[in-house]
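# Observations on the three-dimensional arrangement
Listed below are the residues making up each chain.
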Protein chains: 4
Amino acid sequence: MSHNVIILGASGYTGAELVRLIATHPSMNIVALSADRKAGLQMGEVFPHLRHLALPKLQKIDEINFNRANLVFCALPHATSQAVIRTLPGDIKVVDLSADFRLRDPEEYARWYGKDHAALDLQSEAVYGLTEFYRDQIETARLVAGTGCNAATGQYALRPLIAAGVIDLDEIIIDLKTGVSGAGRSLKENLLHAELSEGTHAYAVGGTHRHLAEFDQEFSALAGRPVKVQFTPHLIPANRGILGTVYVKGDAHVIHDTLTEAYDDEPFIEVLPFGAHPSTRHIRGSNFCHVGVTGDRVEGRAIVIAALDNLTKGSSGQALQNANLMLGEEETAGLMFAPVFP
Amino acid sequence: MSHNVIILGASGYTGAELVRLIATHPSMNIVALSADRKAGLQMGEVFPHLRHLALPKLQKIDEINFNRANLVFCALPHATSQAVIRTLPGDIKVVDLSADFRLRDPEEYARWYGKDHAALDLQSEAVYGLTEFYRDQIETARLVAGTGCNAATGQYALRPLIAAGVIDLDEIIIDLKTGVSGAGRSLKENLLHAELSEGTHAYAVGGTHRHLAEFDQEFSALAGRPVKVQFTPHLIPANRGILGTVYVKGDAHVIHDTLTEAYDDEPFIEVLPFGAHPSTRHIRGSNFCHVGVTGDRVEGRAIVIAALDNLTKGSSGQALQNANLMLGEEETAGLMFAPVFP
Amino acid sequence: MSHNVIILGASGYTGAELVRLIATHPSMNIVALSADRKAGLQMGEVFPHLRHLALPKLQKIDEINFNRANLVFCALPHATSQAVIRTLPGDIKVVDLSADFRLRDPEEYARWYGKDHAALDLQSEAVYGLTEFYRDQIETARLVAGTGCNAATGQYALRPLIAAGVIDLDEIIIDLKTGVSGAGRSLKENLLHAELSEGTHAYAVGGTHRHLAEFDQEFSALAGRPVKVQFTPHLIPANRGILGTVYVKGDAHVIHDTLTEAYDDEPFIEVLPFGAHPSTRHIRGSNFCHVGVTGDRVEGRAIVIAALDNLTKGSSGQALQNANLMLGEEETAGLMFAPVFP
Amino acid sequence: MSHNVIILGASGYTGAELVRLIATHPSMNIVALSADRKAGLQMGEVFPHLRHLALPKLQKIDEINFNRANLVFCALPHATSQAVIRTLPGDIKVVDLSADFRLRDPEEYARWYGKDHAALDLQSEAVYGLTEFYRDQIETARLVAGTGCNAATGQYALRPLIAAGVIDLDEIIIDLKTGVSGAGRSLKENLLHAELSEGTHAYAVGGTHRHLAEFDQEFSALAGRPVKVQFTPHLIPANRGILGTVYVKGDAHVIHDTLTEAYDDEPFIEVLPFGAHPSTRHIRGSNFCHVGVTGDRVEGRAIVIAALDNLTKGSSGQALQNANLMLGEEETAGLMFAPVFP
């Protein structure tokens with residue numbers, strides 16, 4: 001059975017990544033693409049790597065006929081996203097890639113994003129889109145909120161450990177290294193090649209990155225009490241990939257066993273042998289997430305490192321995985337392609 | 001129908017790329033992988049990006065049972081390749097990715113590769129593997145010789161023009177920019193990151209690159225008289241991708257028309273609108289080749305630029321495309337995935 | 001003797017590079033820095049790599065007292081540059097890094113830059129700033145026009161050959177590879193890291209790049225008749241460095257001899273041994289230019305390759321070299337530091 | 001007064017960096033260069049970026065006449081270094097860049113480096129070369145042991161804090177990101193461009209990196225009791241630069257004040273305003289070290305980030321700074337050049 005899907009915000013990197021992935025999906029059919037400022041153009045003019053595909057022209061959102069669609073991928077900026085999704089026909093399933101529906105507590109949304117949420121009813125209905133942990137709810141959801149790419153990385157390293165109670169909840173540090181495409185195709189001086197290549201720096205130091213809101217919400221819910229991690233992201237000169245180095249207190253072998261067991265049946269999460277560690281190069285362009293564990297020489301401490309591709313497993317691949325579930329397809333449909341290395 | 005294939009030389013980049021591509025091929029099944037020095041290891045230990053795949057262990061070639069196989073991909077170094085292929089059972093089809101069977105004239109082989117060919121009978125039977133131009137012969141061939149990656153790039157820009165007689169045959173310059181993976185996974189000082197990143201240089205300047213032998217053979221055959229192009233390759237700090245900037249004398253619009261018509265029905269060759277030019281970023285990781293044409297301000301001259309991924313369309317993707325034909329499969333099977341950008 | 005200098009346009013890359021170089025110059029003293037939109041900031045806030053230096057705050061141009069200055073470096077955009085320089089006191093020497101005073105023929109300026117020149121008297125007085133070839137005039141000039149960085153690269157490869165009449169003037173092709181900092185710190189989508197890294201493409205194909213105006217002017221003057229070269233620039237994923245691969249018809253050994261002799265006494269131009277070729281990595285961050293020559297296998301043809309750092313020898317280093325001459329200093333003062341590799 | 005210096009191990013990156021720096025030093029004169037396997041070559045053949053310099057040919061060590069020299073820089077591998085330095089005339093000052101003389105406790109040396117030390121008398125005499133903290137001893141030392149580049153980075157962030165007792169000594173985590181040149185010019189698969197670019201990974205996870213021996217020695221001595229930090233290095237796709245992100249428990253403002261005061265008079269250590277953080281891009285190619293401090297949202301915790309260039313401040317620049325002191329020169333002689341950005 002074939003599903004008609006629409007992608008809103010197709011002129012950004014996550015939108016383009018959705019098109020890339022769906023291009024070889026066995027049962028999805030793109031019936032409309034939106035891009036406000038680029039309306040009227042062919043997708044191949046905006047993203048020449050997609051020029052070989054027969055795709056609908058880019059349109060403004062209000063020109064789109066949503067009646068033909070089974071599911072909408074919404075890759076719009078936050079705030080815009082909630083405004084648009086509110087207007088969609090109620091029977092269309094929606095996978096949102098923005099931050100708008102990730103936080104269940106409207107006050108937390110207002111605090112981290114600086115304005116009140118304008119679609120509280122939708123927010124209360126939305127399911128958090130970390131597939132491996134919300135699978136059942138996603139299958140029946142109408143609206144799924146894609147997670148932050150950094151938030152996904154940290155959660156793959158930590159959720160089973162927090163759930164199992166095998167680490168100290170007050171001593172978690174996530175030192176994260178991320179490629180530049182996570183910042184999108186926006187024109188900012190600090191995203192220029194000349195500013196970024198050949199070096200690294202930290203940003204949002206001290207606990208100001210918005211993905212912390214997701215860590216707080218999810219880890220606290222898992223633990224049944226407030227959990228506040230430390231989280232410092234760094235920008236590295238690579239286009240794709242996030243490496244999350246997580247410092248925890250706990251028994252490294254217990255930690256490794258816990259993760260191994262938790263992800264045993266997961267098609268996309270690979271726990272490496274004890275002492276081995278992932279590289280972002282080895283998941284590039286794919287929906288896989290690699291996780292490694294080593295004990296530190298300082299007794300009772302361990303390092304857990306997780307790697308995923310921010311554009312794939314961290315956003316558009318995750319979105320497609322969720323869409324598969326929502327549409328009754330095999331969860332892995334169109335997503336089992338191998339990473340691109342070198 | 002499922003085909004059993006074997007990959008010899010699986011510990012190099014082209015071998016790994018074959019595994020990556022075949023992993024999602026609808027009808028190929030890898031039954032053996034060889035890697036001399038890494039025999040006994042799992043593929044995922046040598047190439048962690050492939051660790052999620054259920055693959056046979058790496059073996060030495062003489063441990064492999066070839067009887068189960070329909071086709072062998074031979075990704076061994078030249079000279080080794082001819083020695084090994086000679087010993088294979090005569091009913092197994094072979095796609096060779098080395099330089100050993102590209103040249104029809106044994107004297108040319110000896111001249112460019114510094115030693116006599118040791119499998120002349122096989123050489124005479126081999127079909128040159130530039131799929132779009134040798135399709136009929138490849139379908140019935142037992143042994144197909146994969147082309148040089150640089151040689152493929154130049155030929156996609158030039159073959160239709162030489163065949164149509166629309167350019168001056170004595171005034172062809174190919175200025176080529178290539179990523180580093182074309183040099184393989186070998187330990188050479190000039191391939192170190194610290195030596196290569198943040199800069200560019202030419203190599204094999206003046207007409208000493210071995211892929212010139214293929215240009216000479218193919219272009220001369222097409223023209224019916226000797227054609228000797230100029231060819232200067234440059235190394236750029238990128239892992240994948242070749243950009244061939246070709247300077248020719250001829251009418252730019254005739255040239256564009258000739259290329260457009262020649263590739264009109266080709267699934268992988270995209271001729272861009274007149275005046276547009278390709279980027280290696282937009283074919284990365286895919287089997288597509290983009291070609292652009294512009295007229296120069298100097299009358300009667302044109303620039304043709306072709307871009308492809310050296311590991312995919314330039315070697316392993318080409319090999320799979322040829323294997324599809326040899327095995328009676330759809331030529332595009334397993335190869336229509338979109339490029340990975342950014 | 002110490003010289004007071006002012007840098008206009010200090011918030012761009014060439015402005016910052018001037019500050020970097022002058023920081024260790026034995027006899028120059030920066031007395032003012034302008035940056036319109038960043039006026040009021042410290043240089044170290046705009047360019048943290050310069051934070052250790054005691055520098056005047058950034059000012060708007062009209063806040064600057066020019067009376068204290070011996071020389072002004074003008075690193076403003078073209079058009080702005082001519083408007084500003086017109087208003088400077090007549091006794092201040094000026095090194096302009098923009099395109100405004102490079103072309104002697106006002107019609108050529110209007111044709112390539114799309115508007116009439118607004119300071120024709122200054123234009124007629126300006127000396128073209130390719131130091132090695134205009135040394136005497138620069139020493140006594142009041143206004144020196146810095147060359148285009150690509151134009152400098154091509155001229156170092158070609159001027160002595162055209163002057164000596166050892167190459168065919170109608171068959172010159174410059175295939176140029178340039179790093180990204182030449183495009184400045186401007187916010188353009190195609191300068192983003194995610195758009196640029198890991199690949200290459202040509203731009204301004206077919207003879208539309210404005211630096212062609214300089215080639216035309218200089219080569220025609222040298223030859224005493226019109227010379228129109230072909231010139232195709234490519235962007236490579238590196239911050240600094242230009243490699244110009246120049247295809248010519250002529251005797252390679254005569255060409256090498258001609259260049260060797262021409263540059264024999266030059267402190268910054270290094271002609272490599274016959275058959276050796278430069279890399280942009282080996283001149284990075286320095287004022288050196290490396291030039292190599294090889295004969296092609298096609299008889300009567302040669303390849304000349306020149307490499308320089310666009311921000312140093314291609315603009316700010318050149319500007320300082322010229323300023324040294326204009327101020328009666330040693331030409332090499334503050335410029336003999338070695339390239340930074342790796 | 002001019003000093004004659006010799007560089008042993010000139011064919012490695014730290015040796016080449018010494019030559020680069022000394023090339024513009026006001027009072028040092030290179031009288032011999034060694035490189036075992038490249039003996040007989042010109043330095044410019046091994047490192048073309050140094051080809052403009054008039055330098056002695058590379059020699060084998062036993063061909064060198066040490067009598068002419070005031071000081072030897074020894075940039076040899078560890079173990080080799082101690083064997084060579086033992087044989088030098090006793091009146092020559094030595095700056096060693098290897099690990100051989102960093103550890104005062106021979107048992108620690110044996111434990112971390114896997115073999116007994118063979119020059120214990122020299123070891124006992126050696127002064128640890130972190131200039132800012134051993135200045136007085138270095139001035140009168142005959143043998144100074146250059147620090148590990150990672151060890152230097154961590155110490156610039158932490159020494160004043162440990163000395164002042166303002167952080168919890170049992171809760172220090174150093175998450176370090178380093179460019180690839182720190183690994184030298186050695187032929188290892190994991191240093192190839194194709195393996196390294198476009199990604200990141202951790203190595204020596206869990207406390208096995210040898211620079212930990214320096215942290216242990218120095219921090220314990222400062223604290224007057226054992227201090228064992230956690231330290232996880234990561235490789236990033238850049239040639240130069242180390243960023244050390246240090247997680248500590250203590251009052252962030254007290255920490256910032258302590259660092260600001262400690263480095264107030266230091267010419268090369270720049271403490272950024274509270275809340276600002278360094279980038280490796282902004283110290284590239286220079287002898288500067290930038291340090292930033294921010295408080296975490298989790299009360300009582302702070303992040304200190306230090307950045308330096310591993311080849312300059314982390315090894316060869318440090319070596320030159322120490323040599324200046326040993327030879328009675330201005331400490332900053334030849335070292336005040338600005339970083340190269342972009």
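All figures in this text were calculated on a predicted structure; none of them were measured in a lab.

## Here's the deal with the overall build of chain A
- Per the secondary structure count, chain A includes 11 helices and 14 strands.
- Relative to a compact globule of 342 residues, whose C-alpha radius of gyration would be 20 Å, chain A shows 19 Å and is just as compact.
- Overall, chain A is about 60 × 45 × 40 Å in size when its C-alpha atoms are taken along their principal axes.
- By the burial criterion, 67% of the 342 residues in chain A qualify as buried.
- Taken as a whole, chain A presents about 10700 Å² of accessible surface, with 48% of it coming from carbon and sulfur.
- Computing the positive centroid from 29 side-chain charges and the negative centroid from 40, chain A places the two 7 Å apart.

## Structural notes on the sheet that holds strand E6 (residues 127–128) of chain C
Residues and elements named next belong to chain C.
- Judged by pairing direction, the sheet is parallel, and its seven strands sit side by side in the order E3-E2-E1-E4-E5-E7-E6 without closing on themselves. A single partner strand is all that each edge strand has here, and the edge strands are strand E3 (58–59) and E6.
- In the sheet, E6 pairs with strand E7 (residues 143–145) via two bridges, with the strands oriented parallel. Note that in E7 the partner of Tyr128 across the bridge is Ala145.

## Description of the packing of aromatic side chains
- One pass over the structure, following the stated rule, counts 44 aromatic pairs over all chains.
- Ring centres of Phe215(B) and Phe219(B) lie 5.3 Å apart, and the angle between their planes is 20°; on these two criteria the pair is classed as stacked. Residue Phe215(B) and its partner Phe219(B) are located together in helix H9 (residues 211–223), separated by four residues, close to a single helical turn.
- Between Tyr128(D) and Tyr134(D) the ring centres are 5.7 Å apart and the planes differ by 75°, which places this aromatic pair in the edge-to-face class. The two residues Tyr128(D) and Tyr134(D) agree in class, both being buried.
- Taking NZ or CZ as reference, Arg159(A) lies 4.8 Å from the ring centre of Phe133(A), over its face.

## Observations concerning helix H9 (residues 211–223) of chain A
All names here are of chain A.
- The terminal C-alpha atoms of H9, which comprises 13 residues, lie 18 Å apart, in line with the 18 Å expected from a rise of 1.5 Å per residue.
- Counting buried positions along H9 gives 10 out of 13 residues, so the element sits mostly inside the fold.
- Every buried residue of H9 is accounted for by His211, Leu212, Ala213, Glu214, Phe215, Asp216, Gln217, Glu218, Phe219 and Ser220.
- Here the buried face of H9 lies against helix H4 (106–113), strand E6 (127–128), helix H6 (131–140), helix H7 (149–164), strand E8 (173–178) and strand E10 (230–235).
- Within two residues after H9, Gly224 carries a phi angle of roughly 75°, on the positive side.

## A closer look at the packing of helix H6 (residues 131–140) of chain D against helix H7 (residues 149–164) of chain D
Residues and elements named next belong to chain D.
- Relative to each other, H6 and H7 sit at 80°, their axes nearing to 12 Å. Between H6 and H7, the angle is such that the two are roughly perpendicular. Each of Glu132, Phe133 and Tyr134 in H6 lies in contact with H7, whose residues at this interface are Tyr156, Arg159 and Pro160.
- Partitioning the contact of H6 with H7 into residue classes produces four nonpolar, no polar and two charged.

## Comments concerning the domain arrangement of chain A
Residue and element names in this part refer to chain A.
- Under the domain assignment, chain A is made up of domain 1 (3–125) and domain 2 (149–310).
- At the interface, 13 residues of domain 1 touch 17 residues of domain 2.
- Summing both partners gives a buried area of about 1300 Å² for domain 1 against domain 2, and 45% of it is carried by carbon and sulfur.
- Ranking the residues of domain 1 by area buried against domain 2 places Tyr13, Arg102 and Trp112 at the top, with a combined share of 47%.
- Here domain 1 is connected to domain 2 by three salt bridges.
- Taking the shortest distance from any N to any O, the salt bridge between Arg104 and Glu218 comes out at 3.3 Å.
- One can count nine residue pairs in polar contact (both at pLDDT 80 or more) joining domain 1 with domain 2.
- Top element by residues in the side of domain 1 that touches domain 2 is helix H1 (residues 13–22). It accounts for three residues.
- For the side of domain 1 that touches domain 2, the per-class residue count stands at six nonpolar, two polar and five charged.

## With respect to the relation of the copies chain C and chain D
- Each copy superposes on the other: chain C lies on chain D with an RMSD of 0.0 Å after a rotation of 180° and an axial shift of 0.0 Å. Both copies are brought into coincidence by an operation consistent with a two-fold rotation axis.
- Taken as a fraction of all interface residues of chain C, those also at the interface in chain D reach 100%, which identifies the copy contact as same-surface.

## Things to note about the pattern of salt bridges
- For the structure on display, the rule yields 88 salt bridges over all chains.
- Among the ionic pairs, Asp216(C) bridges to Arg297(B), the shortest N-O distance being 2.8 Å. Of this pair, Asp216(C) sits in helix H9 (residues 211–223) while Arg297(B) is found in the loop between strand E13 (289–295) and strand E14 (301–308), placing the two residues in two different chains.
- In this structure Asp216(C) comes out as buried when scored by relative accessible area, which is 10%.

## With respect to the interface of chain C and chain B
- Taken residue by residue, the interface counts 52 residues in chain C and 52 residues in chain B.
- When the area that chain C buries against chain B is broken down by residue, the three leading residues are Glu198(C), Arg281(C) and Arg297(C), summing to 19%.
- On inspection of chain C and its partner chain B, the count reaches eight salt bridges.
- Here Lys249(B) ties to Glu171(C) by a salt bridge, and the two come within 2.5 Å at their closest N and O atoms.
- Connecting chain C to chain B are 39 residue pairs in polar contact (both at pLDDT 80 or more).
- When the residues that make up the side of chain C that touches chain B are grouped by side-chain class, the tally is 21 nonpolar, 16 polar and 15 charged.

## Here we look at the interface of chain C and chain D
- On the chain D side, the residues contacting the 32 residues of chain C number 33 residues.
- Put simply, Arg51(C) and Glu270(D) hold a salt bridge, and the shortest N to O gap is 2.5 Å.
- Joining chain C to chain D, the criterion identifies four residue pairs in polar contact (both at pLDDT 80 or more).
- At the level of secondary structure, the elements contributing two or more residues to the side of chain C that touches chain D comprise helix H1 (13–22) and strand E12 (269–271) of chain C.
- Looking at the side of chain C that touches chain D element by element, the count peaks at three residues for H1(C).
- Among the residues forming the side of chain C that touches chain D, the class breakdown is 16 nonpolar, nine polar and seven charged.

## Quick look at the relation of the copies chain C and chain B
- With an RMSD of 0.0 Å, chain C superimposes on chain B once it is rotated by 180° and translated 0.0 Å along the axis.
- Taken together, the interface assignments show that 100% of the residues at the interface of chain C recur at the interface of chain B, consistent with an identical surface on both copies.

## Topic: helix H10 (residues 252–262) of chain B
All names here are of chain B.
- Buried within H10 are the following residues: Ala252, Ile255, His256, Thr258 and Leu259. Seen from one end, H10 has its buried residues packed into an arc of 160°, which puts them on one side.
- Against the buried residues of H10 lie helix H7 (149–164), strand E11 (242–249), strand E12 (269–271), E13 and E14.
- Sitting at the head of H10, Asp251 places a side-chain oxygen 2.9 Å from the backbone nitrogen of His253.

## Structural notes on the pairing of strand E11 (residues 242–249) of chain C
All names here are of chain C.
- Of all eight residues in E11, eight are buried; the element is thus mostly enclosed.
- The alternating pattern of E11 places Ile242, Gly244, Val246 and Val248 on one face and Leu243, Thr245, Tyr247 and Lys249 on the opposite face, and all of these are buried.
- As defined by bridge partners, strand E8 (residues 173–178) adjoins E11 across six bridges and the pair is classed as antiparallel. The residue bridging Asp175 from the neighbouring strand is Thr245, located in E11.
- Across eight bridges, the pairing between E11 and strand E14 (residues 301–308) is antiparallel. By the bridge assignment for E14, Tyr247 is matched with Ile303.

## Section: the sheet that holds strand E13 (residues 289–295) of chain D
Residue and element names in this part refer to chain D.
- Taken in spatial order, the seven strands line up as E9-E10-E8-E11-E14-E13-E12 in an open sheet, and their pairing is mixed. On the outer flanks of this sheet lie strand E9 (201–202) and strand E12 (269–271), each paired with one strand and no other.
- Pairing between E13 and strand E14 (residues 301–308): seven bridges, direction antiparallel. Bridging across to E14, His290 finds its partner in Ala307.
- Its contacts with the sheet place H7 against strand E8 (173–178), strand E10 (230–235), strand E11 (242–249), E12, E13 and E14, and it is angled at close to 140° to E14.

## Digging into the pairing of E10(D)
All names here are of chain D.
- Within E10, six of the six residues are buried, which leaves it mostly tucked inside the rest of the structure.
- Residues of E10 alternate between two faces, with Gln230, Thr232 and His234 on one and Phe231, Pro233 and Leu235 on the opposite face, all of them buried.
- As paired elements, E8 and E10 share six bridges and run parallel to each other. Among the inter-strand pairings, Ile173 is bridged to a residue of E10, identified as Gln230.

## Some words on the packing of helix H7 (residues 149–164) of chain C against H9(C)
Residue and element names in this part refer to chain C.
- Axis separation between H7 and H9 bottoms out at 10 Å; the angle between their running directions is 15°. Of the possible angle classes, the one that applies to H7 and H9 is roughly parallel. In terms of crossing hand, the pair formed by H7 and H9 is right-handed. Where H7 approaches H9, its residues Cys149, Asn150, Ala151, Gly154, Gln155, Leu158, Arg159, Ile162 and Ala163 are matched on the opposing element by His211, Glu214, Phe215, Glu218, Phe219, Leu222 and Ala223.

So, how was this worked out
Per chain, the residues get numbers from 1 upward, laid out in the order the sequence is written. Whichever chain is written first is A, and whichever ligand is written first is 1; the rest continue in order. Local features in this predicted model are restricted to residues of pLDDT 70 or higher, and side-chain atom pairs are both shown and tallied only at a pLDDT of 80 or more, whereas totals for entire chains, interfaces and linings draw on every residue. Hydrogens are left out, water is left out, and the side-chain values use all remaining heavy atoms of the structure. Secondary structure elements follow DSSP: runs of H or I no shorter than four residues count as helices, runs of E no shorter than two count as strands, and numbering proceeds from the N terminus. The globule rule used for comparison is 2.2 Å times the number of residues to the exponent 0.38, while the radius of gyration itself is calculated over C-alpha atoms. Only protein chains enter the accessibility calculation, which uses a 1.4 Å probe; a residue whose area is less than 20% of its type maximum is buried, one above 50% is exposed, and one in between is partly exposed. Computed with the Shrake-Rupley method and a 1.4 Å probe, the accessible areas treat only the protein chains shown as cover for residues. Charge assignment: positive for Lys and Arg, negative for Asp and Glu; neither His nor the chain ends contribute. All charge positions are set by atom: Lys at NZ, Arg at CZ, Asp at CG, Glu at CD. A pair of strands is labelled paired if DSSP reports no fewer than 2 bridges between them. A pair of aromatic rings is counted whenever rings of Phe, Tyr or Trp (Trp by its six-membered ring) have centres within 6.5 Å, and the orientation is called stacked for planes under 30 degrees apart, edge-to-face for over 60 and tilted otherwise. Throughout this description, the term charge over a ring refers to an Arg CZ or Lys NZ atom that lies within 6 Å of the ring centre and within 35 degrees of the ring normal. Expected helix span is computed as 1.5 Å times (number of residues minus one). Contact definition: two residues touch when any of their heavy atoms are within 4.5 Å. To obtain an axis, a line is fitted to C-alpha atoms, over the contacting stretch when the element is a helix, and the angle between two such axes runs from 0 to 180 degrees between their N-to-C directions. Orientation is classified from the angle alone, with under 35 degrees giving roughly parallel, over 145 giving roughly antiparallel, 65 to 115 giving roughly perpendicular, and any other angle giving oblique. Polarity classes work like this: nonpolar for Ala, Val, Leu, Ile, Met, Phe, Trp, Tyr, Cys and Pro, charged for Asp, Glu, Lys and Arg, and polar for all others, with Gly in that last group. Domain start and stop points were drawn from an automatic or database domain assignment. A 1.4 Å probe defines the accessible area here, and the buried area is the portion of it lost by two parts on being joined, summed over both. By definition, a salt bridge exists where a carboxyl oxygen of Asp or Glu is found within 4 Å of a side-chain nitrogen of Lys or Arg. Any pair of N or O atoms that falls within 3.5 Å is considered a polar contact. Within protein, one atom must be able to donate a hydrogen and the other to accept it, and sequence-neighbouring residues count only if both atoms are side-chain atoms. Each copy is superposed on the other by least squares, with the fit set by C-alpha atoms of residues at a pLDDT of at least 70 in both. Think of it as the arc spanned by the lines of direction from the helix axis to the C-beta atoms. Two helices cross in a left-handed way if the nearer one is turned anticlockwise from the farther one by less than a right angle. They cross in a right-handed way if the turn is clockwise.

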